Amino acid sequence: MTQTKGDIGNVTPNAELVEMAMGYARSRTLCAAARLGIADALGDEVRNISFLAEHCQADREALYRLLRALASMGVTEETAPEHFRLTPFGKPLRKDAPHSAWAAVIFWADLLADEWSLLTDCVRTGKPAPQLRDPNVLSRWSQVPEAGAIFRAVMGTAPAEDYAPIARAWDFSGAKVVADLGGGGGSLLLAVLELNPHLRGMLVDREASIDAAKSRFADEKFSSRCELIAADLDEAVPAGADVYMLKHFLHGYQDEDAVAVLRNCGSVMAQNGSLLVIEFVLPPLVNRADAQLEGRLMSDLNMLAVTGGKERSEREWRSLLEAGGFHLTRVYPVGGDDLMVANVAILEAKPVSA
């Protein structure tokens, strides 16, 4: 028999399968570090375990055991017995770090992990976790006061240059006004405006997201060219653009609700307007192991568990767009080395003639 790579005490001939089953261990370890504020307590200094235990309000011995595990993962380093510092790899766990990863760690390893715990029942019923949860058991979303702020900190707040491959994949030269619907922090719109100085922009999202995005559009070269609009896309889409973008938005919706949003878009678009749906496009057949495809299919299960939405194949996107009053004209793959954008495609659609 072969010892599993995880070495948590089980000996099995199926090491790779068991290693997959143990994948939550690193996630929960990282989540505990983020929740306890270990990175902020360490800062740029070497700290002893007594200082850290007091600062993090944690049991001294238990915290030491966690810090050793984090050191084995490369997040911290034990420089002397019971003395630790933060590594360059671990620095993004600090809340005050540029492009901090703290919110994303809590989002994935805490808030969404809570929904994933009900995945078996989601598959049995076809319903998302919020519809299956015992009403007497509070979800992590309702238990965590800053859950909404964490969500907004994760959505569309990466550096605008990270979205440049998407902005380059479609020709905006003939457009005048581009609207980013459900654009969160506005990173995609900023990338499009940066590469197309002739364009004006509209960032459209719920009021809390718009308020959070205001500081990113304060720069004079963007403030004069972009309107920030608070709106609920389930109710209505603001008019005024000739190009409308929906990035990783419709995948969060079941077909019926996604069609309603598409119809809201079509109701305000000119006949020669363009709708750009920026999403994963699943292949028609999955017949081999593929790490990048696995990520897209895990996103599909994430939608199943969290929102009831889904990732879709080109055929499914085409059908959805047709039901919403559009016809799919072309699919533009997005290249680049960044996996965040390299696996998406731009589905260009036009309103169907009345």
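Residues numbered from 1 in each chain as written. Predicted model: local features only at pLDDT ≥ 70, side-chain atom pairs only at ≥ 80, totals over all residues. Heavy atoms only, no water.

A. Structural view of the packing of aromatic side chains. Under the counting rule described, the total for this entry stands at six aromatic pairs. When the ring of Phe-107 is compared with that of Trp-108, the centres are 5.2 Å apart and the planes differ by 85°; the resulting orientation is edge-to-face. What makes Phe-107 buried here is its relative accessible area of 4%. Ring centres of Phe-107 and Phe-151 lie 6.1 Å apart, and the angle between their planes is 50°; on these two criteria the pair is classed as tilted. In this pair, Phe-107 is assigned in helix H6 (residues 102–116) and Phe-151 in helix H10 (residues 147–154), connecting sequence segments 44 residues apart. What makes Phe-151 partly exposed here is its relative accessible area of 36%. Members of the aromatic cluster, connected to one another through ring pairs, are Phe-107, Trp-108, Trp-141 and Phe-151. Between Lys-95 and the ring centre of Trp-102, over which it is positioned, the NZ or CZ distance is 4.2 Å. (Phe/Tyr/Trp six-rings, centres within 6.5 Å; stacked < 30°, edge-to-face > 60°. Buried < 20%, exposed > 50% of the residue type's maximum accessible area, 1.4 Å probe, protein only. Helix = DSSP H or I, 4+ residues; strand = E, 2+ residues; numbered from the N terminus. Lys NZ or Arg CZ within 6 Å of the ring centre and 35° of its normal.)

B. Quick look at the nonpolar core. Of all hydrophobic cores here, the largest spans 37 residues; its most connected members are Ile-38, Leu-63, Leu-67, Leu-70, Leu-93 and Ile-150. No other element matches the seven residues that H6 contributes to this core. Each residue touching Leu-93, except ones within four places of it in the same chain, is listed here: Leu-30, Ala-33, Ala-34, Ala-39, Asp-40, Val-75, Trp-102 and Val-105. (Core = buried A, V, L, I, M, F, W, Y, C linked by side-chain atoms within 4.5 Å. Contact = heavy atoms within 4.5 Å.)

C. Expanded view of the pattern of salt bridges. For the structure on display, the rule yields 19 salt bridges. Across the pair Glu-146 and Arg-35 runs a salt bridge whose closest N-O atoms are separated by 3.1 Å. With a gap of 111 residues between them, Glu-146 in the loop between helix H9 (140–143) and H10 and Arg-35 in helix H2 (residues 24–36) connect regions that are remote in the sequence. We note a salt bridge from Arg-133 to Glu-115, for which the minimum N-O separation is 2.5 Å. Here Glu-115 lies in helix H6 and Arg-133 lies in the loop between helix H8 (129–132) and H9, a separation of 18 residues in the sequence. Salt bridges linked by common partners bring Arg-35, Asp-110, Arg-140 and Glu-146 together as one network. (Salt bridge = Lys/Arg side-chain N within 4 Å of Asp/Glu carboxyl O.)

D. Structural view of the pairing of strand S5 (residues 83–86). Side chains Phe-84 and Leu-86 project from S5 onto a buried face, and the interleaved His-83 and Arg-85 project onto a face without burial. With two bridges joining them, strand S3 (residues 47–48) and S5 adopt antiparallel strand pairing. Considered in S5, the bridge of Asn-48 is made with His-83. Sheet analysis places strand S4 (residues 76–80) next to S5, joined by four bridges and oriented antiparallel. Paired with Glu-78 across the strands is Phe-84, a residue of S5. The hairpin formed by S4 and S5 contains two residues between the paired strands, and Glu-82 there has a positive phi angle of roughly 65°. (Pairing = 2+ DSSP bridges.)

E. Examining the packing of H6 against helix H16 (residues 291–306) more closely. Their axes nearest at 8 Å, the elements H6 and H16 cross at an angle of 70°. Put simply, H6 runs roughly perpendicular to H16. In the packing of H6 onto H16, the handedness of the crossing is left-handed. The residues of H16 that touch H6, namely those facing Trp-108, Leu-112, Glu-115 and Trp-116, are Met-298, Leu-301, Asn-302, Ala-305 and Val-306. For the contact of H6 with H16, the residue count by class is seven nonpolar, one polar and one charged. (Axes fitted to C-alpha atoms, helices over the stretch in contact; angles between N-to-C directions. Parallel < 35°, antiparallel > 145°, perpendicular 65-115°, else oblique. Left-handed = near helix turned anticlockwise from the far one by under 90°. Nonpolar A, V, L, I, M, F, W, Y, C, P; charged D, E, K, R; others polar.)

F. Seen up close, the sheet that holds S4. Strands sit in the order S3-S5-S4 across an open sheet of three strands; the sheet is antiparallel. Both outer strands of the open sheet, S3 and S4, are each paired with one neighbouring strand and no more. Sheet strands touched by helix H5 (residues 60–72): S4 and S5. Its angle to S4, the strand with the most contacts, is close to 110°.

G. Quick look at the side chain of Arg-133. For Arg-133, a relative accessible area of 17% gives the class buried. A distance of 3.4 Å separates a polar atom in the side chain of Arg-133 from a polar atom in the side chain of Asp-114. (Polar contact = N/O pair within 3.5 Å; in protein donor to acceptor, adjacent residues only side chain to side chain.)

H. Up close: the side chain of Ser-187. With respect to the helices, strands and loops of the structure, Ser-187 is situated in helix H12 (residues 187–195). In this structure, Ser-187 is in contact with Gly-156, Thr-157, Ala-158, Ala-160, Tyr-163 and Arg-216, ignoring residues within four places of it in sequence.

I. Representation of H16 in the model. Helix length check: H16 (16 residues) gives 22 Å between terminal C-alpha atoms against 22 Å at 1.5 Å per residue, within 8%. Residues of H16 that are buried include every one of Leu-293, Arg-296, Ser-299, Asn-302, Met-303, Leu-304, Ala-305 and Val-306, and no others. Against H6, helix H7 (119–125), H8 and strand S10 (274–282) lie the buried residues of H16. Sitting at the amino-terminal end of H16 is Asp-290, which places a side-chain oxygen 3.0 Å from the backbone nitrogen of Gln-292. (Expected span 1.5 Å × (residues − 1).)

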